[in-house]
Amino acid sequence: MLQEKTKKIYKAKVVRVEKVSSSSYLIETELPYKVEIKAGQFISVYCDGLTLRRPFSVYSHNNNIIGILFKERGKGTNYIKSLKTGDEIDITGPLGNGFNIKNKKSLLIGAGIGVAAMAFLKSELDKNGIENLFVCGFLNKHEIPNCINIDKIYTDDGSVGEKGSVLNYLDQMINNYKPEIIYTCGPYIVLKTIAETAQQYGLEVQVAMEKVMACGIGVCRGCVIDIKKNGEIVNTTVCKDGPVFLGSEVVWQ
Amino acid sequence: MAVMTNILQTDLNGIILKNPIMTASGTYGYNNEYDDFINVSSLGAIVTKAISLNPREGNKHTRITETEAGMINSIGLENVGVEKFINEKLPVLKSENIDFFVNVAGSTLDEYCQVAKICDENNIKAIELNVSCPNVKSGCLEFGVDEKSLYELVSSVRKEYGGFLTVKLTPNVTSIEKLGVAAQNAGANAISAINTLKGSKIKISCINGRVQKEIITGGYSGRGIKPVAIGIVIRLSKAVDIPIIGIGGIETLEDVLEFLSAGADAVQIGTANFTHPDIAQKLVSELEEYIIKNGFKDLNELKKELRK
């Protein structure tokens, strides 16, 4: 049996690297220890020679196998995608707070690579028998990771699913599906629009935020955002206090 | 049972550390945050995030960005303030047996003195005066670039604080020797060198034929500043008699040896904690192994040999 480890730093082994869409990759890593991870939490990866580790939402988790889904964006992700099965990968985590799962009819909205955190959350909700609808927006059909089952897809160019931004369909989705809670992960503007729309309907929305991070544990204060707490606006770290926040707490820019 | 002698013991002229590996202010939080990755109490000492008299919110704009061989930060000394530090952070340092220095920052001479006095009243054994933060509008750096102001500041703080006092110098000056001597003459026990180098990065993107740019200015740290830091430690060690705590881009045992050779008696690990959060504890073991493997009696003997 795998033992649990108290320290959150691992030399893991790459067990799978696969291109899953025109721009994204799936990498699965095997940790020498069993870890507990909540949907919405992230891991941070050391990328050969780079100063800052790169944070990624966990996409899949089974005992000691952790999967992340990422888009190739620069030097860090280019390094990770170049890893081969059997290579060592330096991981810290799980970091941050995950989604606070409620036993409520749930609408999950992913946009772009934000689909990763939503897919993990969906598997958690399914496991707990919580009714949910998982929708996602992409630029076009080539961007859709082939490893994910999504209930409803929206593409900007209409190459598959409904045509247009997922944001254009928010009212329709809420009115038709009548969710009691919304969870979302994606670009800032998407999170902001969903938070504002949810507020109009009086719905709770939990958003998974993203920000450039250095330490990943709340000490460097590099990734702070403004959060409303008890009527006051306070500097709050995305890495430790987040990355999941209530949409109504975030001071949107 | 044989008596275990600590071969890494480090005498810094007023305080004895169990080893010379420390962690730099701003990269290690206030107390046990890195317990997620290592046993923090195994380090020579941690230096807390800079503490000012009142809480500070820090800067609003982009705070960190990666660069070719390190990073630029412009946090702006966000911290909880000395009162909250004493009430909430200090008890954890004590209960977990973590050796620490409190990094003290201020906008005015009076503010430095007040924080130092509070540290003295709370029996804090060591403080590091931050006269080198490049990211705040007033105070701090202005004391660190002029030897007369520095002398006045350090001697005023010295009157309020009886414990171990080190002064963290900025490399953003013409004659570091004069500042080192001023700190020494004003009663500092040691000098910490260096803080970050002032630098900028311009992020450029082009959308539909229009260039958009963001200029991020702050303190440059990480691997890239090591040669600057080594150069300054060499210069300081010729100018002052008090110990020097070397800081700047340390990531490996070779880096530590280089600093010891340049004249540092202890070192602080900064940015590398972000890259490898267990690095400081690793360096403690690697340094110990190196001393044993090469047949030195202890760290002091290694230092002597390195400085021949």
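Note that this is a predicted model, so its numbers are computed, not measured.

All names here are of chain A. Partitioning chain A into structural domains gives domain 1 (9-95), domain 2 (99-208) and domain 3 (210-253). On the domain 3 side, the residues contacting the seven residues of domain 1 number nine residues. When the area that domain 1 buries against domain 3 is broken down by residue, the three leading residues are Phe42, Leu52 and Leu95, summing to 57%. Where domain 1 meets domain 3, there are one salt bridge. Where arginine 73 meets glutamate 210, a salt bridge forms, and the shortest distance between an N and an O atom there is 3.3 Å. The interface formed by domain 1 and domain 3 includes one residue pair in polar contact (both at pLDDT 80 or more).

Glancing now at the interface of chain B and chain A. Each partner contributes to the interface: chain B provides 30 residues, whereas chain A provides 27 residues. Between chain B and chain A, a total of about 2400 Å² is buried, with carbon and sulfur atoms accounting for 54% of that surface. Counting across the interface, chain B meets chain A through four salt bridges. Between the two partners, chain B and chain A, sit 16 residue pairs in polar contact (both at pLDDT 80 or more). Taken together, the elements giving at least two residues each to the side of chain B that touches chain A come down to strand 5 (64-67), strand 6 (70-73) and helix 8 (272-275) of chain B.

With 123 residues, the main nonpolar core has Tyr34, Phe85, Ile124, Ile127, Leu129, Val157 and Leu287 of chain B as its most contacted residues. Leave out the neighbours within four places in its chain, and leucine 287 of chain B touches Leu8, Pro20, Ile21, Leu253, Leu257, Leu260, Leu299 and Leu302 of chain B. If you look at the next biggest cluster of nonpolar residues, it comprises 49 residues, including Tyr10, Cys47, Phe134 and Ile144 of chain A.

Time to look at the sheet that holds strand 1 (residues 9-19) of chain A. Residue and element names in this part refer to chain A. Pairing within the open sheet is antiparallel, and its seven strands lie in the order 4-3-7-1-2-6-5. Each edge of the open sheet carries a strand with a single partner, namely strand 4 (54-57) and strand 5 (60-62). Within this sheet the neighbouring strands show an average axis-to-axis angle of 35°, counted without direction. Two elements, strand 1 and strand 2 (residues 24-30), share six bridges in a ladder whose sense is antiparallel. Bridge pairing in strand 2 places lysine 13 opposite glutamate 30. Each of strand 1, strand 2, strand 3 (42-45), strand 4, strand 6 (65-71) and strand 7 (88-95) touches helix 1 (residues 75-82); the most contacted strand, strand 6, lies at about 130° to it.

In this section: the pattern of salt bridges. Close approach of charged atoms allows side chains with opposite charge to pair. This structure, assessed with the given rule, holds 31 salt bridges over all chains. Between glutamate 88 of chain B and lysine 84 of chain B there is a salt bridge, with the nearest N and O atoms lying 4.0 Å from each other. With glutamate 88 of chain B and lysine 84 of chain B both in helix 1 (residues 82-95), this residue pair falls four residues apart, about one helical turn. Given the relative accessible area of 38%, lysine 84 of chain B is considered partly exposed. The partner of lysine 117 of chain B in a salt bridge is glutamate 121 of chain B, with the nearest N and O atoms 4.0 Å apart. Of this pair, lysine 117 of chain B and glutamate 121 of chain B are both found in helix 2 (residues 109-121), four residues apart, which corresponds to roughly one turn of the helix. You can call lysine 117 of chain B partly exposed: its relative accessible area is 40%. Here the salt bridges do not stand alone but share partners, grouping Lys11, Arg53 and Asp90 of chain A into one network.

Conventions used here
Residues numbered from 1 in each chain as written. Chains lettered and ligands numbered in written order. Predicted model: local features only at pLDDT ≥ 70, side-chain atom pairs only at ≥ 80, totals over all residues. Heavy atoms only, no water. Domains from an automatic or database assignment. Contact = heavy atoms within 4.5 Å. Buried area = accessible area lost by both parts, 1.4 Å probe. Salt bridge = Lys/Arg side-chain N within 4 Å of Asp/Glu carboxyl O. Polar contact = N/O pair within 3.5 Å; in protein donor to acceptor, adjacent residues only side chain to side chain. Helix = DSSP H or I, 4+ residues; strand = E, 2+ residues; numbered from the N terminus. Core = buried A, V, L, I, M, F, W, Y, C linked by side-chain atoms within 4.5 Å. Buried < 20%, exposed > 50% of the residue type's maximum accessible area, 1.4 Å probe, protein only. Pairing = 2+ DSSP bridges. Axes fitted to C-alpha atoms, helices over the stretch in contact; angles between N-to-C directions.

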